[in-house]
Amino acid sequence: MKDTDGPSPGRSARSARPARPGAAPLADRLVAAAYTVGWAVVRYVPERVAAWFFRVLADWLWRRRGKSVRRLEANLARVVGGDPGDPAVRELSRAGMRSYFRYWMESFRFTAYTRERVLDGTRATGGEHIFDNLARGRGVVVALPHMGNYDLAGAWLVHMGHPFTTVQERLKPESLFERFVAYRGRLGMEVLPLTAKGGGSAMAFGTLAKRLRAGRPVCLPAERDLTASGVEVEFFGARTRMVAGPALLAIQTGAALLPAVLWFEGNGWGIRIHEEIPVPPEGTRQEKVAVMTQALAAVFEKGIAEHPEDWHMLQRLWLDDLEPRPGAGS
(Lines give C-alpha, C1' and ligand atoms only; values in the text may rest on other atoms or scores of the structure.)
Protein backbone atom coordinates (compact mmCIF):
# COMPACT_ATOMS: atom_id res chain seq x y z
CA MET A 1 0.00 0.00 0.00
CA LYS A 2 2.96 2.65 -0.29
CA ASP A 3 3.94 5.85 -1.75
CA THR A 4 1.21 4.84 -3.71
CA ASP A 5 1.92 7.17 -5.67
CA GLY A 6 5.36 5.97 -6.59
CA PRO A 7 8.93 7.11 -6.18
CA SER A 8 9.77 10.79 -6.02
CA PRO A 9 12.69 10.29 -8.48
CA GLY A 10 10.03 9.46 -11.05
CA ARG A 11 9.07 13.10 -11.22
CA SER A 12 10.46 14.50 -14.42
CA ALA A 13 13.79 16.32 -14.42
CA ARG A 14 14.75 18.59 -17.32
CA SER A 15 17.43 17.33 -19.62
CA ALA A 16 20.03 19.77 -20.87
CA ARG A 17 19.59 18.44 -24.42
CA PRO A 18 16.16 18.46 -26.08
CA ALA A 19 14.77 14.95 -26.40
CA ARG A 20 13.61 13.51 -29.70
CA PRO A 21 9.91 14.10 -30.41
CA GLY A 22 7.98 11.46 -28.49
CA ALA A 23 11.08 10.34 -26.55
CA ALA A 24 11.39 10.61 -22.78
CA PRO A 25 14.00 13.09 -21.47
CA LEU A 26 17.39 11.58 -20.74
CA ALA A 27 17.01 12.02 -16.97
CA ASP A 28 13.70 10.13 -17.02
CA ARG A 29 15.20 7.30 -19.04
CA LEU A 30 18.12 7.01 -16.64
CA VAL A 31 15.75 6.85 -13.67
CA ALA A 32 13.70 4.14 -15.40
CA ALA A 33 16.87 2.19 -16.20
CA ALA A 34 18.03 2.40 -12.56
CA TYR A 35 14.74 0.93 -11.29
CA THR A 36 14.84 -1.78 -13.96
CA VAL A 37 18.32 -2.80 -12.81
CA GLY A 38 17.14 -2.74 -9.18
CA TRP A 39 14.28 -5.13 -9.88
CA ALA A 40 16.48 -7.36 -12.01
CA VAL A 41 19.47 -7.62 -9.66
CA VAL A 42 18.63 -6.95 -5.99
CA ARG A 43 16.34 -9.96 -5.56
CA TYR A 44 19.25 -12.28 -6.34
CA VAL A 45 21.58 -10.70 -3.77
CA PRO A 46 21.58 -12.23 -0.26
CA GLU A 47 19.23 -10.17 1.88
CA ARG A 48 21.90 -9.33 4.43
CA VAL A 49 24.17 -7.97 1.69
CA ALA A 50 21.34 -6.01 0.08
CA ALA A 51 20.33 -4.50 3.44
CA TRP A 52 23.94 -3.47 4.12
CA PHE A 53 24.30 -1.85 0.69
CA PHE A 54 21.06 0.15 0.95
CA ARG A 55 21.94 1.25 4.48
CA VAL A 56 25.34 2.49 3.29
CA LEU A 57 23.66 4.30 0.39
CA ALA A 58 21.15 5.91 2.78
CA ASP A 59 23.95 7.07 5.09
CA TRP A 60 25.92 8.52 2.18
CA LEU A 61 22.95 10.58 0.99
CA TRP A 62 22.18 11.60 4.57
CA ARG A 63 25.72 12.93 5.06
CA ARG A 64 25.46 14.94 1.86
CA ARG A 65 22.35 16.61 3.36
CA GLY A 66 20.76 17.42 0.04
CA LYS A 67 17.38 19.01 -0.51
CA SER A 68 15.32 15.89 0.26
CA VAL A 69 17.20 15.21 3.49
CA ARG A 70 16.79 18.82 4.64
CA ARG A 71 13.08 18.62 3.88
CA LEU A 72 12.79 15.39 5.85
CA GLU A 73 14.52 17.05 8.80
CA ALA A 74 12.19 20.05 8.65
CA ASN A 75 9.17 17.73 8.60
CA LEU A 76 10.48 15.60 11.46
CA ALA A 77 11.24 18.73 13.48
CA ARG A 78 7.52 19.56 13.43
CA VAL A 79 6.69 16.04 14.56
CA VAL A 80 9.02 16.04 17.57
CA GLY A 81 8.67 19.75 18.36
CA GLY A 82 12.34 20.52 17.79
CA ASP A 83 14.50 22.52 15.43
CA PRO A 84 15.80 21.09 12.12
CA GLY A 85 19.33 21.83 13.29
CA ASP A 86 19.02 19.92 16.57
CA PRO A 87 21.38 16.91 16.79
CA ALA A 88 18.43 14.73 17.83
CA VAL A 89 16.47 15.71 14.72
CA ARG A 90 19.54 15.18 12.57
CA GLU A 91 20.00 11.68 13.96
CA LEU A 92 16.29 10.96 13.51
CA SER A 93 16.58 11.93 9.85
CA ARG A 94 19.39 9.39 9.47
CA ALA A 95 17.09 6.69 10.79
CA GLY A 96 14.42 8.02 8.45
CA MET A 97 16.67 7.71 5.40
CA ARG A 98 17.61 4.18 6.40
CA SER A 99 13.93 3.32 6.74
CA TYR A 100 13.15 4.86 3.36
CA PHE A 101 15.91 2.91 1.64
CA ARG A 102 14.85 -0.27 3.41
CA TYR A 103 11.50 0.19 1.72
CA TRP A 104 13.21 0.26 -1.68
CA MET A 105 15.45 -2.70 -0.87
CA GLU A 106 12.40 -4.75 0.10
CA SER A 107 10.48 -3.58 -2.96
CA PHE A 108 13.25 -4.73 -5.29
CA ARG A 109 13.41 -8.09 -3.45
CA PHE A 110 9.70 -8.58 -3.00
CA THR A 111 9.24 -11.33 -5.57
CA ALA A 112 11.65 -13.45 -3.47
CA TYR A 113 9.41 -13.19 -0.39
CA THR A 114 7.13 -16.16 0.18
CA ARG A 115 3.60 -15.99 1.52
CA GLU A 116 4.85 -17.53 4.77
CA ARG A 117 7.58 -14.89 5.11
CA VAL A 118 5.06 -12.07 4.69
CA LEU A 119 2.48 -13.51 7.09
CA ASP A 120 4.97 -14.68 9.73
CA GLY A 121 6.88 -11.39 9.62
CA THR A 122 3.84 -9.14 9.97
CA ARG A 123 2.41 -8.17 13.34
CA ALA A 124 -1.02 -6.76 12.61
CA THR A 125 -3.47 -5.40 15.17
CA GLY A 126 -7.01 -4.30 14.45
CA GLY A 127 -7.37 -6.51 11.38
CA GLU A 128 -10.86 -7.43 12.52
CA HIS A 129 -12.01 -3.93 11.55
CA ILE A 130 -11.28 -4.87 7.94
CA PHE A 131 -12.31 -8.53 7.98
CA ASP A 132 -15.58 -8.16 9.91
CA ASN A 133 -16.86 -5.48 7.53
CA LEU A 134 -15.86 -7.46 4.44
CA ALA A 135 -17.52 -10.59 5.85
CA ARG A 136 -20.78 -8.62 6.01
CA GLY A 137 -20.39 -7.54 2.39
CA ARG A 138 -19.47 -3.97 3.31
CA GLY A 139 -16.58 -2.30 1.53
CA VAL A 140 -13.73 -0.69 3.45
CA VAL A 141 -11.51 2.29 2.67
CA VAL A 142 -8.14 1.83 4.36
CA ALA A 143 -6.45 5.27 4.53
CA LEU A 144 -2.83 5.55 5.56
CA PRO A 145 0.15 7.90 5.58
CA HIS A 146 3.42 7.27 3.72
CA MET A 147 4.93 5.00 6.36
CA GLY A 148 6.79 1.71 6.55
CA ASN A 149 6.29 -0.61 3.58
CA TYR A 150 3.03 0.05 1.78
CA ASP A 151 3.56 -2.83 -0.65
CA LEU A 152 4.30 -5.29 2.14
CA ALA A 153 1.12 -4.29 3.95
CA GLY A 154 -0.75 -4.71 0.68
CA ALA A 155 0.72 -8.18 0.18
CA TRP A 156 -0.30 -9.08 3.75
CA LEU A 157 -3.91 -8.10 2.99
CA VAL A 158 -3.84 -10.08 -0.27
CA HIS A 159 -2.38 -13.14 1.47
CA MET A 160 -5.15 -12.85 4.06
CA GLY A 161 -7.55 -13.41 1.16
CA HIS A 162 -8.52 -9.85 0.24
CA PRO A 163 -7.12 -8.42 -3.00
CA PHE A 164 -7.74 -4.69 -3.13
CA THR A 165 -7.75 -1.64 -5.38
CA THR A 166 -5.51 1.39 -5.06
CA VAL A 167 -4.38 4.39 -7.13
CA GLN A 168 -0.96 5.54 -8.27
CA GLU A 169 0.22 8.80 -9.74
CA ARG A 170 1.42 8.58 -13.33
CA LEU A 171 5.21 8.57 -13.35
CA LYS A 172 7.61 9.68 -16.05
CA PRO A 173 8.62 8.04 -18.27
CA GLU A 174 5.49 6.04 -18.98
CA SER A 175 7.52 2.82 -19.00
CA LEU A 176 8.38 3.33 -15.31
CA PHE A 177 4.73 3.82 -14.42
CA GLU A 178 3.86 0.62 -16.30
CA ARG A 179 6.57 -1.28 -14.43
CA PHE A 180 5.13 -0.16 -11.07
CA VAL A 181 1.61 -1.11 -12.13
CA ALA A 182 2.84 -4.55 -13.23
CA TYR A 183 4.89 -5.01 -10.05
CA ARG A 184 2.00 -4.16 -7.76
CA GLY A 185 -0.33 -6.22 -9.93
CA ARG A 186 1.87 -9.27 -9.28
CA LEU A 187 1.41 -8.61 -5.56
CA GLY A 188 -2.35 -8.88 -6.04
CA MET A 189 -3.27 -5.19 -6.21
CA GLU A 190 -5.53 -3.59 -8.80
CA VAL A 191 -3.77 -0.30 -9.57
CA LEU A 192 -5.66 2.60 -11.13
CA PRO A 193 -3.84 5.63 -12.58
CA LEU A 194 -4.56 8.83 -10.70
CA THR A 195 -4.60 10.77 -13.97
CA ALA A 196 -5.21 9.81 -17.58
CA LYS A 197 -2.31 9.46 -19.98
CA GLY A 198 -1.49 12.93 -21.20
CA GLY A 199 -3.23 14.58 -18.23
CA GLY A 200 -6.79 15.00 -17.05
CA SER A 201 -9.04 12.81 -14.94
CA ALA A 202 -8.65 9.03 -15.14
CA MET A 203 -12.10 8.37 -13.60
CA ALA A 204 -10.46 6.46 -10.74
CA PHE A 205 -13.06 7.66 -8.22
CA GLY A 206 -15.91 5.96 -10.07
CA THR A 207 -14.05 2.65 -10.23
CA LEU A 208 -13.14 2.84 -6.55
CA ALA A 209 -16.78 3.50 -5.66
CA LYS A 210 -17.84 0.50 -7.75
CA ARG A 211 -15.39 -1.77 -5.93
CA LEU A 212 -16.59 -0.55 -2.54
CA ARG A 213 -20.25 -1.10 -3.40
CA ALA A 214 -19.29 -4.65 -4.34
CA GLY A 215 -18.01 -5.12 -0.79
CA ARG A 216 -14.30 -5.01 -1.63
CA PRO A 217 -11.39 -3.17 0.03
CA VAL A 218 -9.73 -0.01 -1.27
CA CYS A 219 -6.41 1.27 0.11
CA LEU A 220 -5.32 4.89 -0.33
CA PRO A 221 -2.44 7.06 0.88
CA ALA A 222 -4.11 10.07 2.41
CA GLU A 223 -1.91 12.57 4.27
CA ARG A 224 -0.84 14.81 1.39
CA ASP A 225 -2.81 16.72 -1.25
CA LEU A 226 -1.60 20.28 -1.69
CA THR A 227 -3.87 20.91 -4.68
CA ALA A 228 -7.01 23.01 -4.47
CA SER A 229 -9.08 19.83 -4.00
CA GLY A 230 -7.29 18.95 -0.75
CA VAL A 231 -9.05 19.33 2.59
CA GLU A 232 -7.38 21.77 4.99
CA VAL A 233 -6.64 20.23 8.39
CA GLU A 234 -4.59 20.87 11.50
CA PHE A 235 -1.59 18.52 11.62
CA PHE A 236 1.15 18.71 14.26
CA GLY A 237 0.11 22.26 15.12
CA ALA A 238 0.09 23.70 11.58
CA ARG A 239 -2.20 23.69 8.56
CA THR A 240 -1.90 21.33 5.62
CA ARG A 241 -4.20 19.75 3.05
CA MET A 242 -5.06 16.07 2.94
CA VAL A 243 -6.81 13.90 0.41
CA ALA A 244 -10.60 14.23 0.32
CA GLY A 245 -11.13 10.92 -1.50
CA PRO A 246 -11.26 8.49 1.44
CA ALA A 247 -13.97 10.44 3.26
CA LEU A 248 -15.91 11.13 0.05
CA LEU A 249 -15.89 7.45 -0.86
CA ALA A 250 -17.13 6.44 2.59
CA ILE A 251 -19.94 9.02 2.45
CA GLN A 252 -21.00 8.12 -1.09
CA THR A 253 -20.83 4.32 -0.84
CA GLY A 254 -21.47 3.54 2.82
CA ALA A 255 -18.05 1.89 3.14
CA ALA A 256 -16.17 1.92 6.44
CA LEU A 257 -13.33 4.47 6.63
CA LEU A 258 -10.46 2.84 8.53
CA PRO A 259 -7.19 4.68 9.29
CA ALA A 260 -4.03 2.55 9.35
CA VAL A 261 -0.40 3.16 10.26
CA LEU A 262 2.65 1.10 9.24
CA TRP A 263 6.17 0.74 10.59
CA PHE A 264 9.21 -1.52 10.50
CA GLU A 265 9.63 -3.87 13.44
CA GLY A 266 13.01 -5.63 13.60
CA ASN A 267 13.25 -7.79 10.47
CA GLY A 268 9.47 -7.66 10.12
CA TRP A 269 6.64 -5.19 9.84
CA GLY A 270 3.95 -3.65 12.02
CA ILE A 271 0.43 -2.70 10.95
CA ARG A 272 -2.30 -1.16 13.05
CA ILE A 273 -5.80 -0.70 11.66
CA HIS A 274 -7.82 1.73 13.76
CA GLU A 275 -11.53 1.81 14.40
CA GLU A 276 -13.90 3.22 11.84
CA ILE A 277 -14.26 6.97 11.45
CA PRO A 278 -18.05 7.42 11.24
CA VAL A 279 -19.86 9.74 8.88
CA PRO A 280 -21.25 12.71 10.87
CA PRO A 281 -25.06 12.56 11.09
CA GLU A 282 -25.48 16.23 10.18
CA GLY A 283 -23.91 18.81 7.91
CA THR A 284 -23.28 19.29 4.22
CA ARG A 285 -21.15 16.80 2.34
CA GLN A 286 -18.26 19.27 2.41
CA GLU A 287 -18.61 19.70 6.18
CA LYS A 288 -18.71 15.93 6.72
CA VAL A 289 -15.59 15.45 4.60
CA ALA A 290 -13.79 18.12 6.64
CA VAL A 291 -14.70 16.48 9.96
CA MET A 292 -13.73 12.99 8.81
CA THR A 293 -10.44 14.11 7.25
CA GLN A 294 -9.49 15.96 10.43
CA ALA A 295 -10.20 12.76 12.35
CA LEU A 296 -7.88 10.90 9.95
CA ALA A 297 -5.20 13.51 10.56
CA ALA A 298 -5.46 12.97 14.33
CA VAL A 299 -4.91 9.20 13.94
CA PHE A 300 -1.99 9.78 11.56
CA GLU A 301 -0.46 12.22 14.06
CA LYS A 302 -0.45 9.60 16.78
CA GLY A 303 1.01 6.89 14.55
CA ILE A 304 3.72 9.11 13.09
CA ALA A 305 4.66 10.41 16.55
CA GLU A 306 5.11 6.81 17.72
CA HIS A 307 7.23 5.83 14.69
CA PRO A 308 8.66 9.07 13.24
CA GLU A 309 11.67 7.36 11.66
CA ASP A 310 9.32 5.31 9.44
CA TRP A 311 7.44 8.31 8.03
CA HIS A 312 8.79 8.81 4.52
CA MET A 313 7.82 12.43 3.86
CA LEU A 314 10.69 13.95 1.87
CA GLN A 315 8.47 16.62 0.29
CA ARG A 316 6.86 19.83 1.49
CA LEU A 317 3.72 19.14 3.43
CA TRP A 318 2.63 22.16 5.48
CA LEU A 319 1.10 25.18 3.81
CA ASP A 320 3.46 27.68 5.42
CA ASP A 321 6.42 25.75 3.94
CA LEU A 322 5.23 26.34 0.37
CA GLU A 323 6.97 28.89 -1.80
CA PRO A 324 4.62 31.77 -2.76
CA ARG A 325 3.61 31.82 -6.40
CA PRO A 326 4.65 34.81 -8.52
CA GLY A 327 2.05 37.56 -8.24
CA ALA A 328 0.40 35.95 -5.23
CA GLY A 329 1.57 38.64 -2.84
CA SER A 330 2.83 37.80 0.65
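Because the structure is a prediction, the values reported are computed rather than measured. The written sequence of each chain sets the order in which its residues are numbered from 1. Per-residue local features are limited, in this predicted model, to residues with pLDDT of at least 70; the limit for side-chain atom pairs, both in listing and counting, is 80 or more; totals at the level of whole chains, interfaces and linings are taken over all residues. Note: side-chain values were computed over all heavy atoms of the structure, leaving out hydrogens and water.

Focus: the overall build of the chain
Next up, step 1: Secondary structure assignment for the chain yields 11 helices and nine strands.
Next up, step 2: Think of it in three bands: with a 1.4 Å probe and only protein chains considered, a residue is buried below 20% of the maximum accessible area for its type, exposed above 50%, and partly exposed in between. Split into buried and exposed, the 330 residues of the chain put 48% on the buried side.
Next up, step 3: A contact between two residues is defined here by any heavy atoms of the two lying within 4.5 Å. For the chain, long-range pairs separated by at least 24 residues make up 75% of all intrachain contacts whose partners lie at least 6 apart in sequence.
Next up, step 4: In the form shown here, the chain has an accessible surface area of approximately 15600 Å², with 55% of it arising from carbon and sulfur atoms. Numbering of helices and strands runs from the N terminus; a helix is a DSSP stretch of H or I covering at least four residues, while a strand is a stretch of E covering at least two. Here the Shrake-Rupley method, with its probe set to 1.4 Å, supplies the accessible areas, and only the displayed protein chains count as covering residues.

Description of a nonpolar patch on the surface
Next up, step 1: Among the surface-exposed residues, Trp 52, Phe 53 and Val 56 lie close enough to one another that they form a single nonpolar patch of about 320 Å² accessible area.
Next up, step 2: As for its position among the elements, Trp 52 is in helix α2 (residues 47-64). Only residues whose relative accessible area exceeds 30% and that form no salt bridge are eligible for patches; like-charged ones are grouped when within 9 Å, while nonpolar side chains (Val, Leu, Ile, Met, Phe, Trp, Tyr) are grouped when within 5 Å. Salt bridge, as applied in this entry: a Lys or Arg side-chain nitrogen positioned within 4 Å of an Asp or Glu carboxyl oxygen.

Notes on the packing of helix α3 (residues 67-80) against helix α4 (residues 87-109)
Next up, step 1: In this analysis an axis means a line fitted to C-alpha atoms, helices contributing only their contacting stretch, and an angle means the value between N-to-C directions, from 0 to 180 degrees. It is the contact of α3 with α4, at a shortest axis distance of 9 Å, that shows an interaxial angle of 115 degrees. For α3 against α4, the interelement crossing comes out right-handed. Contact residues: α3 offers Val 69, Leu 72, Glu 73, Leu 76, Ala 77 and Val 80, while α4 offers Val 89, Arg 90, Leu 92, Ser 93, Gly 96 and Met 97.
Next up, step 2: Amino acids outside the nonpolar list (Ala, Val, Leu, Ile, Met, Phe, Trp, Tyr, Cys, Pro) and the charged list (Asp, Glu, Lys, Arg) are all regarded as polar, and Gly is one of them. By residue class, the composition of the contact of α3 with α4 is eight nonpolar, two polar and two charged. Two helices that cross are described as forming a left-handed crossing if the nearer one is turned anticlockwise from the farther one by less than a right angle, and a right-handed crossing if clockwise.

Comments concerning helix α10 (residues 245-253)
Next up, step 1: Restricting attention to buried positions, one finds in α10 the residues Gly 245, Pro 246, Ala 247, Leu 249, Ala 250 and Thr 253.
Next up, step 2: Buried residues along α10 sit in contact with β2 (140-144), α9 (204-213), β5 (217-221), β8 (256-265) and α11 (285-306).
Next up, step 3: Looking one or two places after α10, you find Gly 254, whose phi comes out positive at around 80 degrees.

Brief notes about the nonpolar core
For soluble globular proteins, the rule of thumb is that nonpolar side chains tend to be buried together.
Next up, step 1: Formed by 85 residues in total, the largest nonpolar core has its most connected members in Phe 235, Leu 257 and Trp 311.
Next up, step 2: Each residue touching Phe 235, except ones within four places of it in the same chain, is listed here: Thr 240, Met 242, Ala 297, Phe 300, Glu 301, Ile 304, Trp 311, Leu 317 and Trp 318. Only buried residues count toward a nonpolar core, which is a set of Ala, Val, Leu, Ile, Met, Phe, Trp, Tyr and Cys residues joined through side-chain atoms within 4.5 Å.

Overview of unusual backbone geometry
Next up, step 1: One non-glycine residue, Arg 65, adopts positive backbone phi at about 50 degrees.
Next up, step 2: Tracing the sequence through the fold places Arg 65 in the loop between α2 and α3.
Next up, step 3: The backbone of Phe 236 shows a phi angle near 55 degrees, a positive value even though the residue is not glycine.
Next up, step 4: Looking at the secondary structure, you find Phe 236 in the loop between β6 (231-235) and β7 (238-242).

Side note on the pattern of salt bridges
Next up, step 1: Under the criterion given, the structure shown has 15 salt bridges.
Next up, step 2: With its nearest N and O atoms 3.4 Å apart, the salt bridge here joins Asp 321 to Arg 71. A residue pair is termed long-range when its members are at least 10 positions apart, and Asp 321 in the segment after α11 and Arg 71 in helix α3 qualify at 250 residues.
Next up, step 3: In this structure, Glu 265 engages Arg 123 in a salt bridge whose closest nitrogen and oxygen atoms are separated by 2.7 Å. Of this pair, Glu 265 sits in strand β8 while Arg 123 is found in strand β1 (residues 122-125), placing the two residues 142 residues apart along the sequence.
Next up, step 4: Looking at Arg 123, the relative accessible area reads 43%, which means it is partly exposed.
Next up, step 5: Among the charged side chains, a network of salt bridges with common partners joins Arg 71, Arg 78, Asp 320 and Asp 321.

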